[in-house]
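Breakdown of the fold
The lines below spell out each chain.
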Amino acid sequence: MNVSRRKFMKTSAVAAGAMTVRSIPAWANSAVQVAVMAPLSVFEYSEVQLLDGPLRHQFDHNHDLFLHLDEDALLKPFRQREGMPAPGPDMGGWYDNADDFSPPENFHAFIPGHTFGQYLSGLARAYAVTGSTATQEKVHRLVWAFAETVKPSGKFYVGYHLPAYTYDKTSCGLIDAHQFAKCPNALDAHWRATQAVLPYLPEKALSRPEQRARRHSSVADTWDETYTLPENFFLAYQRSGDSRYRDLATRFIEKEYFDPLAEGQNVLPGEHAYSHVNAFSSAMQAYLVLGDEKYLRAASNGLRMVQEQSYATGGWGPDEAFVEPGKGLLDASLGTTHASFETPCGAYGHFKITRYLLRVTRDSRYGDSMERVLYNTIAGATPILADGTSFYYSDYNNSARKVHHRDKWPCCSGTFPQLTADYGISSYYKSQDGIYVNLFIPSRVSWSHNDTRCKLTQTTEYPRANTTQFAFALERPANFAVYVRIPAWAGAKTLLSINGRRWDNPIEPGKFLALQRTWKDGDRVELELEMPLRLEAVDDQNPNTVALMRGPLALFAVGETPTRITRSQLLAAAPVTQSSHDWTTQTDSGVLTLRPFAAIMSEGYRLYQRVEA
Ligand SMILES: [Zn+2]
């Protein structure tokens, strides 16, 4: 560490208040200056393994599907647009290079090659989780073949509707190929891809109104997402040490969005939902790299404003837009749209921002928010099919059903494999004094505390069951802290025991519970969370439109909905059997059955019930 950098970090440590400034991660380039190191860091992908269960199945499905996709088909739009030989089949849907795109009727060939980088990213992360050489080799082959299509003064972006959008995803894929799949030429390809797109980018991040005000040949030209670019530019800077990426990141920070958010001004209404939540992650990178706390405030205020207009599932953004608060518009959406929450993309963006904020603040409520979105949205998404048929919107309409998206290979087919590869690293975090347990998922985390190898295995059927067990395997006894998230909804009967002995100190919901002791091989911790049933109104203007919640789970009414339901009847619901997902309750006009989103198949369902005052 040279003198000027030490000085830089010292100054920014003061600016960052309580933040601890530590050495930068081993993988980062030594030339990189990072202002703030969050007190919590993520584990390596290989250090957290999901064990058998529905989330592991989702990860395995996506890994297998993308591992077997035709490589010529994936590369075809890039080769075609550069006038190169382009063998192999078309992918179909949004991905193709063709000239029949005509919104809103026809979205074929909407954004040629748009998700290539996300599939690359999902595979690179899946390799890092599993160590599968077939996966690593596929990533390397794809990067080599992609690099061949990137020409100086190339033609790929000529007449391209959303250059920043596709470049941003390509950038992420190449960074991940370098970082997680050790692809030697990925950073070189990244720089060349950056040079290829720069002539097609505006001078700064543009909002959609600004894009509409500029000359454009198609409405799709006004949907580009330049405001999400800084996150990956900052990551490229940290990967490569090339300060030109930091300069680009700074150039595309959308000050007109973040400055008012940092001041607590709600500028979300009307904005495109997913991309503006995704932009919060750019604010977090700006905070971490530049050290300006304004960006931390912008991201945390922004997420709070999103949560204030979220459905009981944790999903947000009916028709992909934020609504005006205080007007009962979330309730109104239940009767007007089936496009209630853009699920794989929205959940991916939600996981990213809650991971950043949890790492910086150690506030367990970001974990509560993450698990609510996990179990009520993405865990119930139907699998992507081999032909690109994908789950896109969760439907919270009063007459709702799970459906596939009209178009093949949409945006949500890109974020889904990235998100499922991230389940492990979202579950646990490292601190200087131990580890944080954030999600209750069957899994195993391995790490070294000082020089002691430690393993923690979590066994659970949460959230159907309200218990989870942790078993420790240690080379030798070691003193460290295990911080366990106690969700804010947890009831007073929540219990924890260590080696069968009840923990007598207070257990405070909405906090991480610190278990500091000398841990030894064979130690066991059991957590039993009281999950009282509660009702959540859709918005303040409609207090009698409620969803039944049990812990993190929203329970959806299925089958015939009785005409008359009272609050006390909903709150009297009970599980059908101990092992059943279904809950039932008696109403005056028959039995009401309720089911979590992940257990719903093709049957109709209803999230919100109208109850009598
Ligand atoms: Zn999407």
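Each chain has its residues counted from 1, running along the sequence as written. Owing to the predicted nature of the model, reporting of local features is limited to residues with pLDDT of at least 70; listing and counting of side-chain atom pairs is limited to 80 or more, with chain, interface and lining totals taken over all residues. Just so you know, side-chain values use all the structure's heavy atoms and leave hydrogens and water out.

This part takes up the overall build of the protein. Comment: elements are numbered from the N terminus, with helices defined as DSSP H or I runs of at least four residues and strands as E runs of at least two. Broken down by element type, the protein carries 18 helices and 22 strands. Along the first, second and third principal axes, the C-alpha atoms of the protein reach 70 × 60 × 50 Å. To sort residues, take the accessible area from a 1.4 Å probe on protein chains only and compare it with the maximum for the residue type: under 20% means buried, over 50% means exposed, and anything in between is partly exposed. A burial count over the protein gives 61% of its 613 residues as buried. All accessible areas in this document rest on Shrake-Rupley with a 1.4 Å probe, and a residue is counted as covered only by the protein chains that are shown. Here the protein has roughly 23400 Å² of accessible surface; of this, 51% comes from carbon and sulfur atoms. For this count, His and the chain ends are skipped, Lys and Arg are scored as positive, and Asp and Glu as negative. All charge positions are set by atom: Lys at NZ, Arg at CZ, Asp at CG, Glu at CD. Within the protein, the 66 negative side-chain charges are centred at a point lying 5 Å from the centre of the 62 positive side-chain charges.

The next point concerns the environment of D242. On the secondary structure map, D242 appears in the loop between α9 (229–240) and α10 (243–251). Between the C-alpha atoms of D242 and V32, which are 210 residues apart in sequence, the distance is 8.1 Å. Here a polar contact is taken to be a pair of N or O atoms separated by no more than 3.5 Å, where protein atoms must pair a possible hydrogen donor with a possible acceptor and residues adjacent in sequence count only if both atoms sit in side chains. Only 2.8 Å separates the side chain of D242 from the side chain of R244, close enough to count as a polar contact.

Attention now moves to the coordination of the zinc ion. At 2.1 to 2.3 Å from the zinc ion lie its protein donor atoms, namely E342 (OE), C345 (SG), C411 (SG) and C412 (SG). With 4 donor atoms in place around the zinc ion and angles of 93 to 123° between them, the coordination shape is tetrahedral. Coordinating donors are taken as N, O and S atoms within 2.8 Å of the metal, stretched to 3.2 Å for Na, K and Ca; because water is absent from the atoms, sites can appear incomplete. Each donor residue of the zinc ion lies on the same chain, and together they follow the pattern E-x2-C-x65-C-C. Of this pair, E342 sits in strand β3 (residues 341–342) while C412 sits in helix α17 (residues 412–427), and the two are 70 residues apart along the sequence. Taking the relative accessible area as the measure of exposure, E342 reaches 5% and is therefore buried. Geometry is assigned from the angles between donors: four donors with all angles from 85 to 135 degrees make a tetrahedral site, four or six donors whose opposite pairs exceed 155 degrees while the rest stay between 65 and 115 make square planar or octahedral sites respectively, and everything else is labelled irregular.

What follows deals with the side chain of D582. As for its placement among the helices and strands, D582 is situated in the loop between β18 (574–575) and β19 (583–587). Among the residues examined, D582 registers a relative accessible area of 16% and is labelled buried. With near-sequence residues (within four places) excluded, D582 lies in contact with A574, P575, V576, T593, L594 and R595. Note on contacts: a residue pair is in contact if any heavy atoms of the two residues lie within 4.5 Å.

Remark: helix α12 (residues 273–290) packs on helix α13 (residues 293–307), axes separated minimally by 7 Å, with the N-to-C direction vectors making an angle of 155°. As far as their axial angle goes, α13 and α12 are roughly antiparallel. Between α12 and α13 lies a crossing of left-handed hand. Contacts between α12 and α13 involve V277, F280, A283, M284, A286 and Y287 on the former and, on the latter, E293, Y295, L296, A299, G302, L303 and V306. Ten residues, namely Ala, Val, Leu, Ile, Met, Phe, Trp, Tyr, Cys and Pro, are considered nonpolar, four, namely Asp, Glu, Lys and Arg, are considered charged, and the remaining ones, Gly among them, are considered polar. Classifying every residue of the contact of α12 with α13 gives 11 nonpolar, 1 polar and 1 charged. Lines fitted to the C-alpha atoms define the axes, with helices restricted to the stretch that makes contact. Angles between their N-to-C directions range from 0 to 180 degrees. For this classification, under 35 degrees means roughly parallel, over 145 means roughly antiparallel, 65 to 115 means roughly perpendicular, and everything else is oblique. In this scheme the crossing of two helices becomes right-handed for a clockwise turn of the near helix relative to the far one and left-handed for an anticlockwise turn of less than a right angle.

So, about the sheet that holds strand β1 (residues 41–42). If you walk across this open sheet you meet the 5 strands as β1-β5-β6-β10-β13, and the pairing is mixed. Strands with a single pairing partner mark the edges of an open sheet, and in this sheet they are β1 and β13 (511–519). Bridge analysis of strand β6 (residues 434–437) against strand β10 (residues 478–486) gives 4 bridges, and the strand direction is parallel. Bridge assignment links Y436 to a residue of β10, and that residue is Y483. A strand pair is defined by DSSP finding two or more bridges across the two strands.

If you trace the 7 strands from one edge of the open sheet to the other, you get β2-β7-β8-β9-β14-β11-β12, paired in antiparallel fashion. Taken across any chain shown, the strands that pair with only one partner, and hence form the sheet edges, are β2 (48–50) and β12 (501–502). Where β2 lies against strand β7 (residues 443–449), 3 bridges are found, and the strand directions are antiparallel. Bridge pairing in β7 places L50 opposite S443.

A few words now on the pairing of strand β14 (residues 524–528). Burial along β14 is one-sided: V525 and L527 are buried, while R524, E526 and E528, pointing the other way, are not. Bridge count between strand β11 (residues 495–498) and β14: 4 bridges; the pairing is antiparallel. Across the sheet, L496 pairs through a bridge with L527, a residue of β14.

Turning our attention to the environment of E210. With respect to the helices and strands, E210 occurs in helix α8 (residues 208–213). Taking relative accessible area as the criterion, E210 reaches 26% and is therefore assigned partly exposed. Taking the C-alpha atoms as reference points, E210 and T222, 12 residues apart in sequence, are found 8.3 Å from one another. Excluding anything up to four places from it in sequence, E210 contacts K204 and A205. Within the structure, the side chain of E210 is placed 2.9 Å from the backbone nitrogen of S207, a separation counted as a polar contact.

Next up on the list: the environment of P487. Topologically, P487 is positioned in the loop between β10 and β11. It is 18 Å that separates the C-alpha atoms of P487 and P442, two residues lying 45 residues apart in sequence. Apart from residues lying up to four places away in sequence, P487 is in contact with D368, E371, F440, Y462, P509, G510 and L529.

The next point concerns the packing of aromatic side chains. Any Phe, Tyr or Trp ring, taking Trp's six-membered ring, that has another such ring centre within 6.5 Å forms a pair; planes under 30 degrees apart are called stacked, those over 60 apart edge-to-face, and the others tilted. Overall, the coordinates contain 44 aromatic pairs when judged by the stated rule. Judged by centre distance (6.3 Å) and plane angle (65°), the ring pair of F66 and W409 falls under edge-to-face. With F66 in helix α2 (residues 54–67) and W409 in the loop between β4 (393–394) and α17, the pair connects residues that are 343 residues apart, well separated along the chain. The buried category is assigned to F66, whose relative accessible area is 2%. Among the residues examined, W409 registers a relative accessible area of 1% and is labelled buried. One aromatic cluster is present, formed by F78, F116, F146, F156, Y157, Y160 and Y200 through successive ring pairs.

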